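# Breakdown of the fold
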Amino acid sequence: MDNACFILELQSTPEEVMRAVERLQQFCREQGVAEKAIHALMLSLEEMASNVVNHAYQRDPSQCFRVSVQNRGDRIVVELRDRGPAFDPLQVPDPALEEEDEDRAEGGWGIQLVRHSMDDLHYVREDGENVLRMSKHSKPQTPSPGL
Amino acid sequence: MALDIQFKRTPATVTAQLAGSLDTATAPELQRQLTPILDSQVTDLAFDLEKLTFISSAGLRVFSIARKRLKERGGQTSFVNMQPQIKEVFEIVKALPGVSIFASTAEMDAYLAAQQRKHTGGTPPDPNGPIFTIDA
C-alpha cells in the first residue's frame with residue numbers, strides 16, 4: 001500500500017528508542033520490505049534516536065521527540081524530529097581508520113553505520129527543531145498478512 | 001528487544017553467550033555483568049553471538065571496553081558464531097582491532113587449546129574455583 005505511515009511521540013529514554021525500532025520492524029514487515037533493508041532501517045533509527053536521547057536531551061525523560069515512518073512505494077522514509085539545540089549529525093565525520101583518540105573514534109561509530117546503511121540522508125533545522133530524514137530504497141513486494 | 005546473557009567457564013576461557021538484541025537499552029546491563037570479570041584476572045574472554053540478532057554502536061562500545069581491559073593485562077577477546085548482519089556491523093566500523101573472530105566454537109576451542117600448550121609457566125586456572133561473582 002503506497003503512503004502507509006505511522007507516527008510515534010516518544011519520551012527521551014533508551015527504552016522508548018527501542019519501542020520505535022520494534023514498531024519500525026513491524027511496519028516494514030507488514031509492508032513487505034526485505035529483511036536486509038529492515039535491518040538497515042532499524043539500525044539507523046536506533047543510532048540516530050539514541051543520539052537524540054543521549055546528546056540533544058541529555059537523557060532527560062521529560063523531553064519528547066517524534067519518529068515518523070512512511071512507505072513511499074519505492075522507499076521507506078524515516079523522519080526524526082527533536083527540539084534540542086541545533087545540531088547536524090551529518091557533520092560528524094566518520095572515524096579515521098588510524099584515529100589515535102579512541103574516544104573520538106567511538107563517537108563516530110553510529111553515524112558511520114547510518115551512512116553505510118541508508119541510501120539518502122538529509123538534515124534541516126526547521127521551526128526550532130532538528131529534522132533528520134533517512135530513506136532506504138525498497139523494492140515493492142506483496143505485503144505479508146498482518147500478525 | 002531483550003538481551004539474555006549466560007556465562008560459561010572452561011579452564012581456558014570465560015564465555016559470555018548473548019541472545020537477542022545488544023542495543024542502547026540493553027548494553028548497560030551487559031556492561032554491569034561484565035564488570036566483575038573485567039576487574040578479575042581473567043585473560044581470555046569470548047563472546048558467543050550465535051543467538052544475537054541485533055547490535056548497535058552501544059554494544060560495540062561495551063565490547064571495546066572489554067577488549068581494552070583484557071589487552072591491558074595481555075589478555076585476548078574473541079567473538080564466535082556471528083550472524084551475517086552482526087559481522088557486517090563489525091566490518092563497517094572496524095571498532096575492535098586485535099580481537100579474534102572464529103566461525104565456530106570448535107575452531108575457537110582448538111585455537112585456545114593450542115595457545116594453552118604454548119604457555120610453559122604459570123598455574124592453570126582452577127576450573128572449580130570461582131574467580132568472579134555476578135550479583136543476580
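As a reminder, the structure under discussion sits directly above these lines.
What you see is a predicted model; the values in this text were computed from it and never measured. One numbering rule holds for all chains: residues counted from 1, following each sequence as written. As a convention, the first chain written is A and the first ligand written is 1, with the rest following in written order. A pLDDT threshold of at least 70 governs which residues receive local features in this predicted model, and a stricter bar of 80 or more applies before side-chain atom pairs are shown or counted, although totals over entire chains, interfaces and linings include all residues.

### Some thoughts on the overall build of chain A
Note the threshold: Secondary structure follows DSSP: runs of H or I at least 4 residues long count as helices, runs of E at least 2 residues long count as strands, and numbering of each begins at the N terminus. The contact criterion used here is simple: two residues whose C-beta atoms, placed from the backbone, lie within 7 Å are in contact.
Helix and strand counts for chain A come out as 4 helices and 5 strands. When the elements of chain A are put in sequence order from the N terminus, they spell out β-α-α-β-β-α-α-β-β. The long-range fraction of contacts in chain A, counting pairs at least 24 apart against all pairs at least 6 apart in sequence, stands at 69%.

### With respect to the sheet that holds strand β3 (residues 44-55) of chain B
Residue and element names in this part refer to chain B. Applied cut-off: Each pair of strands is called paired provided DSSP finds at least two bridges between the two strands. Think of each axis as a best-fit line through the C-alpha atoms, taken over the contacting stretch in the case of a helix, with angles from 0 to 180 degrees between the N-to-C directions.
Sheet architecture is open: 5 strands sit in the order β1-β2-β3-β4-β5, paired in mixed fashion. The sheet terminates laterally at β1 (3-9) and β5 (100-102), the two strands that pair on one side only. Within the sheet, the average angular offset between the axes of one strand and its neighbour, ignoring direction, is 20°. One ladder, built from 3 bridges, connects strand β4 (residues 76-80) with β5; its direction is parallel. Across the sheet, residue V80 finds its bridge partner in β5, namely F102. Set on the sheet, helix α1 (residues 27-39) makes contact with β1, β2 (14-22) and β3; between it and β1 the angle comes to about 15°.

### Looking at unusual backbone geometry
Note on backbone geometry: most residues besides glycine have negative phi, and most peptide bonds are trans. All names here are of chain A. Filter applied, for reference: With C-beta atoms placed from the backbone, a residue is labelled by how many other C-beta atoms lie within 10 Å of its own: buried for 20 or more, exposed for 12 or fewer, partly exposed between the two.
Positive phi outside glycine occurs at Q58, with the angle close to 45°. Its identity is not glycine, yet R59 carries a phi of approximately 60°, on the positive side. Within the element layout of this structure, R59 appears in the loop between α2 (35-56) and β2 (64-71). On the basis of neighbour count, R59 is assigned to the exposed category, with 11 C-beta atoms found within 10 Å.

### Here we look at the environment of A49(A)
All names here are of chain A. Tracing the sequence through the fold places A49 in helix α2. What makes A49 buried here is the crowd of 27 C-beta atoms within 10 Å. Taking C-alpha positions, A49 is 13 Å from R83, a pair spaced 34 residues apart along the chain.

### Digging into α2(A)
Residue and element names in this part refer to chain A. Under the convention used in this document: Helix span, as expected, comes to 1.5 Å for every residue beyond the first.
Spanning 22 residues, α2 covers 30 Å between terminal C-alpha atoms, matching the ideal 32 Å at 1.5 Å per step. Most of α2 sits out of view: 16 of its 22 residues are buried. In the stretch just after α2, Q58 is the one whose phi turns positive, near 45°.

### Description of the interface of chain A and chain B
Here is the rule we go by: Classes in brief: Ala, Val, Leu, Ile, Met, Phe, Trp, Tyr, Cys and Pro nonpolar; Asp, Glu, Lys and Arg charged; the others, Gly included, polar.
Each partner contributes to the interface: chain A provides 19 residues, whereas chain B provides 17 residues. Of all the elements in the fold, those that place two or more residues in the side of chain A that touches chain B are α1 (14-30), α2 and α4 (109-117) of chain A. Of the residues belonging to the side of chain A that touches chain B, the class tally is 9 nonpolar, 5 polar and 5 charged.

### Some thoughts on the packing of α1(B) against helix α2 (residues 57-72) of chain B
For any two helices packed against each other, one specifies the crossing angle of their axes together with the interaxial distance. Residue and element names in this part refer to chain B. Definition in use: Every angle not falling under 35 degrees, over 145, or within 65 to 115 is termed oblique; those three ranges are roughly parallel, roughly antiparallel and roughly perpendicular.
Across the interface, α1 lies against α2 with an axial gap of 9 Å and an inter-helix angle of 10°. On the basis of the axis angle, α1 is roughly parallel to α2. Across from A27, L30, Q31, L34 and L38 in α1, the residues of α2 making contact are A58, G59, R61, V62, A66 and R69. Here the residues of the contact of α1 with α2 sort into 7 nonpolar, 2 polar and 2 charged.

### Remarks on the sheet that holds β2(A)
All names here are of chain A. The 5 strands are arranged β1-β2-β3-β5-β4 in an open sheet whose pairing can be described as antiparallel. Two strands close off the open sheet at either side, each with one partner strand: β1 (5-11) and β4 (120-126). Neighbouring strand axes in the sheet, compared pairwise and without regard to direction, differ in orientation by 15° on average. By the bridge criterion, 8 bridges tie strand β3 (residues 75-82) to strand β5 (residues 129-137) in an arrangement that is antiparallel. Bridge assignment links R75 to a residue of β5, and that residue is H137. Sitting on the sheet, α1 is in contact with β1, β2 and β3, with an inclination near 170° to β1. Those strands touched by α2 are β2, β3 and β5, and its axis lies near 5° from that of β3.

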